[in-house]
Amino acid sequence: MKNVETTIRAYEASTDLETLSAIWFEASLLAHPFIGEERLREQRVLIETKYLPEAETWVACRGGEPVGFVSLLDYFIGGLFVASGQQGNGIGRTLVAHALKLKGELVLEVYTGNRQAYAFYEALGFKEQSRRAQDDEGLPFENAQMRLA
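A.B. asks: Explanation requested: helix α3 (residues 91–103) in the structure shown.
C.D. replies: Helical periodicity: at 3.6 residues per turn, an α-helix aligns residues three or four positions apart in one direction. Over its 13 residues, α3 extends 18 Å from the first C-alpha to the last, a length consistent with the 18 Å expected when each residue adds 1.5 Å. Within α3, burial applies to I91, G92, L95, V96 and A99. What you see down the axis of α3 is that its buried residues fit within an arc of 135°, all on one side. With its phi angle positive at about 85°, G104 sits one or two positions after the end of α3.

A.B. asks: What am I meant to see in the packing of aromatic side chains here?
C.D. replies: Given two aromatic rings, one states the distance between the centres and the angle between the planes to describe the pair. Here the structure, examined in full by the defined rule, presents eight aromatic pairs. Here the aromatic cluster, defined as three or more aromatic residues joined through ring pairs, consists of W24, F25, F69 and F81.

A.B. asks: Is there a simple way to explain the side chain of S28 in this structure?
C.D. replies: With respect to the element layout, S28 can be found in helix α1 (residues 13–31). Taking the relative accessible area as the measure of exposure, S28 reaches 1% and is therefore buried. Among the polar contacts listed, one links the side chain of S28 to the backbone oxygen of W24, at a separation of 2.8 Å. Not counting residues up to four positions away in its chain, the partners in contact with S28 are P33, L40 and F81.

A.B. asks: Help me out: how do you make sense of the pattern of salt bridges in this one?
C.D. replies: Opposite charge on two side chains makes pairing possible when the charged atoms of those side chains draw close. What the rule picks out here adds up to twelve salt bridges. Residue E48 pairs with R44 through a salt bridge whose shortest N-O separation is 3.5 Å. With a gap of four residues between them, E48 and R44 both fall in helix α2 (residues 37–54), about one helical turn apart. One salt bridge in this structure joins K50 and E54, with 3.2 Å as the shortest N-O distance. Placement of the pair is K50 and E54 together in helix α2, with a separation of four residues, close to one helical turn. Among the residues examined, K50 registers a relative accessible area of 35% and is labelled partly exposed. Note on E54: relative accessible area 54%, which makes it exposed. Counted as one network, the salt bridges with shared partners bring together R39, D135 and E137.

A.B. asks: Looking at this model, I keep getting lost on the environment of A144. Mind explaining?
C.D. replies: By the element assignment, A144 lies in strand β7 (residues 143–148). Every residue in contact with A144, bar those within four places of it in the chain, is listed here: L108, E109, V110, T112, Y118, E128, S130 and R131.

A.B. asks: So what exactly am I meant to see when it comes to the packing of α1 against α2 here?
C.D. replies: The axes of two packed helices give the description: the angle between them and the distance between them. Contact geometry for α1 and α2: axes closest at 10 Å, N-to-C directions at 150°. Between α1 and α2 lies a crossing whose hand is right-handed. For the pair formed by α1 and α2, the contact residues are L17, E18, L20, S21, A22, W24, F25, S28 and L29 on the first element and E37, L40, R41, Q43, R44, I47, E48 and L52 on the second.

A.B. asks: Can you help me understand the nonpolar core in this one?
C.D. replies: The tendency in soluble globular proteins is for nonpolar side chains to be buried as a group. If you look at the biggest cluster of nonpolar residues, it comprises 23 residues, and the most contacted ones within it are I77, V110, Y121 and F126. When residues of this core are traced back to their parent elements, those giving at least two are β2 (56–62), β3 (65–73), β4 (76–82), α3, β5 (106–111), α4 (115–123) and β7. The element that contributes the greatest number of residues to this core is α3, accounting for four residues. Aside from chain neighbours lying at most four places away, what touches F126 is I77, V96, L106, L108, Y121, M146, R147 and L148.

A.B. asks: Looking at this structure, I do not really get the sheet that holds strand β6 (residues 127–132). What am I missing?
C.D. replies: Within a sheet, adjacent strands bond to each other through the backbone by hydrogen bonds, running parallel or antiparallel. Judged by pairing direction, the sheet is mixed, and its seven strands sit side by side in the order β1-β2-β3-β4-β5-β7-β6 without closing on themselves. With one partner strand each, in any of the chains shown, β1 (6–10) and β6 form the two edges of the open sheet. With direction set aside, neighbouring strand axes in the sheet form an average angle of 30°. Note: β1 against β2, five bridges, orientation antiparallel.

Basis of the calculations
- Residues numbered from 1 in each chain as written.
- Predicted model: local features only at pLDDT ≥ 70, side-chain atom pairs only at ≥ 80, totals over all residues.
- Heavy atoms only, no water.
- Helix = DSSP H or I, 4+ residues; strand = E, 2+ residues; numbered from the N terminus.
- Expected span 1.5 Å × (residues − 1).
- Buried < 20%, exposed > 50% of the residue type's maximum accessible area, 1.4 Å probe, protein only.
- Arc of directions from axis to C-beta.
- Phe/Tyr/Trp six-rings, centres within 6.5 Å; stacked < 30°, edge-to-face > 60°.
- Polar contact = N/O pair within 3.5 Å; in protein donor to acceptor, adjacent residues only side chain to side chain.
- Contact = heavy atoms within 4.5 Å.
- Salt bridge = Lys/Arg side-chain N within 4 Å of Asp/Glu carboxyl O.
- Axes fitted to C-alpha atoms, helices over the stretch in contact; angles between N-to-C directions.
- Left-handed = near helix turned anticlockwise from the far one by under 90°.
- Core = buried A, V, L, I, M, F, W, Y, C linked by side-chain atoms within 4.5 Å.
- Pairing = 2+ DSSP bridges.

Rendered as structure tokens:
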């Protein structure tokens, strides 16, 4: 599917919630094994009931099927996730480019333990602004704040 065009469209809660939640969960299991499956299952409830409904979310599709998404809170990327079988096909880059075009600048936080994501953001030109030793829940998972203008 590498030669299939990626299109970006607005999130539709009635048709996208379950699919995007599954993409988030599968990608999170792979990218954040240090968090643990039980905690990720708890976070999935928040993804479905709070984060996706409250964010400005854009969906990447290939062949008409959702394969990734970016959720924005103003210019802050609350989440960028690509289906595990679709990673490496430029979908994440396309989503970031779309978000940057809309917002003019982007800020995000990334777990430093997710080296692949950190390197991805660096390759796109994000610069680290700061680090904190704990995540939003006060657990010892270091986060780096990064910015792209």
